[in-house]
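# Structural features, examined
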Amino acid sequence: MKPIIEFCISNLASGSQRAREVLEKDPNLDIVEYGCLGYCGKCFDSLFALVNGDVVVGGTPEQLVDNIYQYLEENPMF
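All values reported here derive from a predicted model rather than from experimental measurement.

### Regarding the pairing of strand β3 (residues 47-51)
- In terms of burial, β3 is a largely internal element, five of the five residues being buried.
- Of the two faces of β3, both are covered, the one formed by Leu-47, Ala-49 and Val-51 as well as the one formed by Phe-48 and Leu-50.
- Bridge count between β3 and strand β4 (residues 54-58): five bridges; the pairing is antiparallel. Of the residues in β4, the one forming a bridge with Val-51 is Asp-54.

Have a look at this one:
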């Protein structure tokens, strides 16, 4: 079972698209895009993604990618 990384389409338009493009190259991740994830406050304030259901944020797309990989390292699925 692969980790699931979920993106909000509005947040993608705000800058997290670059993070998504990097993460999509990783065959060990499942990347999903939704119209809205219901985290409008986070979406307005920062770049974010849900990683296995938990919010991970970053100030830049690169920082978001780094924070996602750090989260996955600190929270293994098994």
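Text resumes after the structure shown.
### What about the packing of aromatic side chains?
- Tallied over the entire structure, the rule returns one aromatic pair.
- Taking 6.1 Å as the distance between ring centres and 55° as the angle between the ring planes, the aromatic pair formed by Tyr-39 and Phe-48 counts as tilted.
- The exposure class assigned to Phe-48 is buried, which follows from its relative accessible area of 1%.

### Describing the sheet that holds β4
- Ordered by their spatial adjacency, four strands build an open sheet running β2-β1-β3-β4, and the pairing between neighbours is mixed. A single partner strand is all that each edge strand has here, and the edge strands are β2 (30-34) and β4. With strand direction ignored, the average angle separating the axes of adjacent strands in the sheet is 30°.
- The pairing of strand β1 (residues 4-8) with β2 spans five bridges and is classified as parallel. Within β2, the residue paired with Glu-6 across the bridge is Val-32.

### Considering the pattern of salt bridges
- Summed over the entire model, instances satisfying the criterion amount to three salt bridges.
- Here Glu-24 makes a salt bridge to Arg-20, at a shortest N to O gap of 3.1 Å. Placement of the pair is Glu-24 and Arg-20 together in helix α1 (residues 9-24), with a separation of four residues, close to one helical turn.
- Classification of Glu-24 by relative accessible area gives partly exposed; the value is 42%.

Definitions and cut-offs
Residues numbered from 1 in each chain as written. Predicted model: local features only at pLDDT ≥ 70, side-chain atom pairs only at ≥ 80, totals over all residues. Heavy atoms only, no water. Buried < 20%, exposed > 50% of the residue type's maximum accessible area, 1.4 Å probe, protein only. Helix = DSSP H or I, 4+ residues; strand = E, 2+ residues; numbered from the N terminus. Pairing = 2+ DSSP bridges. Phe/Tyr/Trp six-rings, centres within 6.5 Å; stacked < 30°, edge-to-face > 60°. Axes fitted to C-alpha atoms, helices over the stretch in contact; angles between N-to-C directions. Salt bridge = Lys/Arg side-chain N within 4 Å of Asp/Glu carboxyl O.

In short, the description is geometric, and any link to function would need to be established separately.
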